Amino acid sequence: MTEANVGQTTPAPPARRAFSLDLAHGRDLGIVACFVALFLALTFSSDVFFSAQNFATILEQWAPVMIIAVAGTLVLVAGDLDISVGAIFAISGVAAAKFANDTGSVILGCVAAVIAGLACGLVNAAITLIGRVNSLIGTLGSSLVIRGLALLITGGFIVQAAPVGFDTLGVDSWLGLRWSVWVMFVWVGAVAVLLHLTVFGRRVFAVGGNIEAARLAGIPVGSVKAVVFVVSGMSAGLAGLLAASKVNAGQAEVGVGLEFQVLAAIVLGGTSLAGGAGAVWRTVLGVMILAMIGNGLNLLAVDPVYQQIVQGTIVVTAVAVDAWAQRGRNKT
Amino acid sequence: MPDSHAAEHVHIDVRDVNVSFGAFAALDQVSVRIRRGRVHALVGENGAGKSTLGKVISGHLPATRGQVTLHRENPAEVLGSAGHLRARVAVVDQELALLPARSVAENVLLGSLPSRFGVALRAAMRSRVATLLEATGFDLDPDAPVGALRVADRQLVTILRAFATQAEVIVMDEPTAALTGRESERLLGVIDRMRADGRTFVYVSHFLGEVLEIADDITVLKDGQVTWQGDASATNQDALVAAMLGRSLVTMFPDRQPPPPGDPVLVVENLTSGPEVQDVSLAVRPGEILGIAGIVGSGRSELAHTLLGARRATRGTMRLNGQLYRPNGPTHAWNRGVRIVPESRRDQGLFLRHTVHRNVTLPHLSAVSRAGCLMPGAGRTMAADLLDRMDYRGSGVDIPVGSLSGGNQQKVLLARCLLSDPNVLIIDEPTRGVDVGARHSIYTLIDEAAQRGVAVIVISSELEEVLGLADRVLAMRGGRIVREFAKHASEAAVLSAILGAEPTATRKPSN
């Protein structure tokens, strides 16, 4: 033990360290370059792409994914995964429509959606922290339960929202953008501040960076992780609300596979699966790249099946690059 | 031709080997000749380099300079590559690389499972393990899953695994640390018989009684250098202790004023936590440096973690400034001003990829924030100011802490604990893997903290360090405080206390 530790605590030889740092820097620029290149390519190859109308459409379409993905960044930085966001997205939309119908109040419906998301986040926190279940498996399990509950509540039918104004968030616009897009802007800003400018955010990085060190430095590791899961659940709830508002109905079957789109965007942005490193702006770019790919292939009239293939390929490539960068960093 | 005659008997020849990690030399010009069919013991204090030498001999750690050669029985054949060594040298270490879900038999034969067409032959496997068990007299159930075994039995499994290979040389690193007295005796008996069959052993151990009983040749290491080498029959326990301690190259401990009299800040009574911490009582005053000496596995770090609330105390009471102190976790301890610089910087201390200033300020963020929001730059400046005063030599505080040398990393951890003065500061292994220059400044920093009124508990496996730094030293063995020493106690006396006069005998009652 003793002598081995001595070896590990010494720094890597400078040559290799320089290499891995270059690689990390390359990734910083890489994601930005990728975004810019895609943007320019679409601008020049399609007449329709560079227009306010098209941008508004892209933003509106991807608002739910963006909202969930920025919160998901928090989860990954804390060293966990939340696979249940797709199911929470569905049950929250159902809760919104149901509550709005039952109470006749749109506001109470909105509150119900966010609270449903928050409650699901608390359950995830309990499973992983009290139950000590690995978060991947824990949220996979809770996702099945949550979607099952949603099906139970709706009986498999679409819950049409009766109150007037339920579709305001998803359909009405202000300054040329739908309300859901404004909600997304506010949420992205709030989560970015939370992760990068607050004490809590620093603790999230610490917990994901080295949980044992964080614990011994007096960081309340459990509460930090619990809050992260709650924020993730609330985000999925909010996203579910926006989606339900858009179609004026709640439905148990929506958002299947959403969690993978979210994960893809986060990892594509360059937030590490290993925890302790990442940024909200990265995820914003990750989502926008996925969005532009989808949009571009649509505009170029490519079969939607190819969109999946392209997305999958890109995500695998991004993770492989991450793994290579890690290897460079960990070598001594 | 006496030279060629000697060469015939040399099995592994280690010549002028240096191993350095950065600026730290773990082995310095070490030459050892390990003779065929003999037991060669490597002894020394923690950090002396004996495990490193064991890893070099087994080909698992490359020498920075120098040469390791393996001589075949045909003297003309000499093998020197690490691959050759790894293929012919088996290792038993304390890291217990086992598959917990698989059976004892599978773990023992891992890597040499009897099979036909890729299918494991259970019957053949069981009979081979049964033969081994009979030959060694170890009491193990070959079908039991390893995960269910006691630590001692797991150690026996790793030993059996080494015996099961066709290795010519077996390197054993502290094989008896986890064993009971009887099991240790059995093991020594087995080694004796296998030596007669022509196998060569390299035996790394703390326990000098065992070493003198089993070894033919002994090499004593201190600070990576050989201080004594020779025939086991030509030495005794006292001479070995003297060689292990040697004359220190540098005496660099601050000249401490005796701490002011006063009431203790932390009083611990009959603290027990699992089998690792047994009935520990201690008290430490403000301004005092209390040393805790013990070998690996004596429960020192577990005691530290219990004081911090990272381990649950099953019995006993603690008082902090006269008030009952029952930490339910390290967060509670930090809030009460009890802090730790942990044993392993990498695993328990640092966030290697985060910047230096983030590492320092992490537990103090409430001081540099308003309503939970960080004030830009404030933490950075605080960390930089403090590190400036701590003889920090890194290039700024915005670089990842993982790129620093061991000494600077340790200063970062100290800075984290000293950004505001704690009541009690526990430092586990203050200078492990730290070069000589940085050691001195770390000792000075610890002394200065004590002078400001911090009660410091220093845990170290380096006796020189504990005795040089502390005002009082508690010797720990088997989870208990076995003796207390005053400042100027002799190293030999403390060493005997932490090893136990007759290790095999004293460890019996614990099982």
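Given the structure is predicted, the values throughout are model-derived calculations rather than measurements. (Residues numbered from 1 in each chain as written. Chains lettered and ligands numbered in written order. Predicted model: local features only at pLDDT ≥ 70, side-chain atom pairs only at ≥ 80, totals over all residues.)

**Some details on the overall build of chain A**
1) Next: In terms of helices and strands, chain A carries 14 helices and four strands.
2) Next: When the 332 residues of chain A are sorted by exposure, 50% land in the buried category.
3) Next: Sequence-distant contacts in chain A: of pairs separated by 6 or more residues, those separated by 24 or more amount to 78%. (Helix = DSSP H or I, 4+ residues; strand = E, 2+ residues; numbered from the N terminus. Buried ≥ 20, exposed ≤ 12 C-beta atoms within 10 Å, placed from the backbone. Contact = placed C-beta atoms within 7 Å.)

**A short note on the pairing of strand β12 (residues 225–231) of chain B**
Residue and element names in this part refer to chain B.
1) Next: Sheet analysis places strand β11 (residues 217–222) next to β12, joined by six bridges and oriented antiparallel. For Ile 218, the partnering residue across the bridge sits in β12 and is Gly 230.
2) Next: Counted along the chain from β11 to the antiparallel partner β12, the turn is two residues long, and its residue Asp 223 has a positive phi close to 50°. (Pairing = 2+ DSSP bridges.)

**A word on the environment of Val 89 of chain B**
All names here are of chain B.
1) Next: Assignment of secondary structure puts Val 89 in strand β6 (residues 89–92).
2) Next: You can call Val 89 buried: it has 24 C-beta atoms within 10 Å.
3) Next: In this structure the C-alpha to C-alpha distance between Val 89 and Ala 162, which are 73 residues apart in sequence, comes to 8.9 Å.
4) Next: Once you skip the residues sitting within four places of it in the chain, Val 89 turns out to touch Ile 57, Ser 58, Gly 59, Ala 167, Val 169 and Val 171.

**Focus on the interface of chain B and chain A**
Quite often, the size of an interface is put as the accessible area lost when its parts meet.
1) Next: Contacts between chain B and chain A engage 46 residues on the former and 31 residues on the latter.
2) Next: Every element with two or more residues in the side of chain B that touches chain A is listed here: β2 (24–35), α2 (50–57), α11 (330–335), α12 (345–349), β20 (373–374) and α15 (406–418) of chain B.
3) Next: Along the lines of polarity and charge, the residues of the side of chain B that touches chain A split into 18 nonpolar, 21 polar and seven charged. (Nonpolar A, V, L, I, M, F, W, Y, C, P; charged D, E, K, R; others polar.)

**A closer look at the sheet that holds strand β3 (residues 39–44) of chain B**
All names here are of chain B.
1) Next: Strand order in the open sheet made by the six strands is β6-β9-β10-β3-β11-β12, with mixed pairing throughout. The two strands at the open ends of the sheet, each matched to only one other strand, are β6 and β12. Sheet twist, expressed as the average angle between the axes of neighbouring strands with direction ignored, equals 15°.
2) Next: As judged from the four bridges shared by β3 and strand β10 (residues 200–204), these two strands associate in the parallel manner. What sits directly across from Leu 42, in β10, is Val 204.
3) Next: Its contacts with the sheet put helix α6 (residues 151–164) on β6 and β9 (169–173), and the angle it makes with β6 is roughly 175°. (Axes fitted to C-alpha atoms, helices over the stretch in contact; angles between N-to-C directions.)

**Here we look at the nonpolar core**
1) Next: Formed by 249 residues in total, the largest nonpolar core has its most connected members in Met 66, Leu 74, Ala 96 and Val 204 of chain A together with Ile 446, Val 456 and Val 458 of chain B.
2) Next: A domain split of this core shows at least three residues from each of domain 1 (2–245) and domain 2 (266–501) of chain B.
3) Next: Filtering out sequence-adjacent residues up to four positions away, Leu 74 of chain A remains in contact with Val 191, Leu 195, Val 204, Val 228, Val 231 and Ser 232 of chain A. (Core = buried A, V, L, I, M, F, W, Y, C linked by C-beta atoms within 7 Å. Domains from an automatic or database assignment.)

**Digging into the domain arrangement of chain B**
Residue and element names in this part refer to chain B.
1) Next: What the domain assignment lists for chain B is domain 1 (2–245) and domain 2 (266–501).
2) Next: Put simply, the middle of domain 1 and the middle of domain 2, counted by C-alpha atoms, are 34 Å apart.
3) Next: Domain 1 puts 11 residues into the contact, and the matching count from domain 2 is 15 residues.
4) Next: The residue makeup of the side of domain 1 that touches domain 2, split by class, is six nonpolar, four polar and one charged.

**Concerning the sheet that holds strand β13 (residues 266–273) of chain B**
Backbone-to-backbone hydrogen bonds pair the strands of a sheet. The strands run either parallel or antiparallel.
Residues and elements named next belong to chain B.
1) Next: If you walk across this open sheet you meet the four strands as β14-β13-β16-β17, and the pairing is antiparallel. Unpaired on one side and paired on the other, β14 (277–284) and β17 (323–324) mark the two borders of the sheet.
2) Next: Looking at chain direction, β13 and β14 are connected through five bridges and run antiparallel. When the bridges of β14 are listed, Val 267 appears paired with Ala 283.
3) Next: Relative to β14, helix α10 (residues 300–308) is tilted by about 65°, and along the sheet it contacts β13 and β14.

**A closer look at unusual backbone geometry**
All names here are of chain B.
1) Next: In this structure, Asp 223 is a non-glycine residue whose phi angle is positive, near 50°.
2) Next: Looking at where Asp 223 falls in the secondary structure, it is placed in the loop between β11 and β12.
3) Next: Classification of Asp 223 by C-beta neighbours within 10 Å gives buried; the count is 21.
4) Next: Phi is positive for Asp 279, close to 55°, though the residue is something other than glycine.
5) Next: Positionally, Asp 279 belongs in strand β14.
6) Next: Judged by the 13 C-beta atoms lying within 10 Å of it, Asp 279 falls in the partly exposed class.

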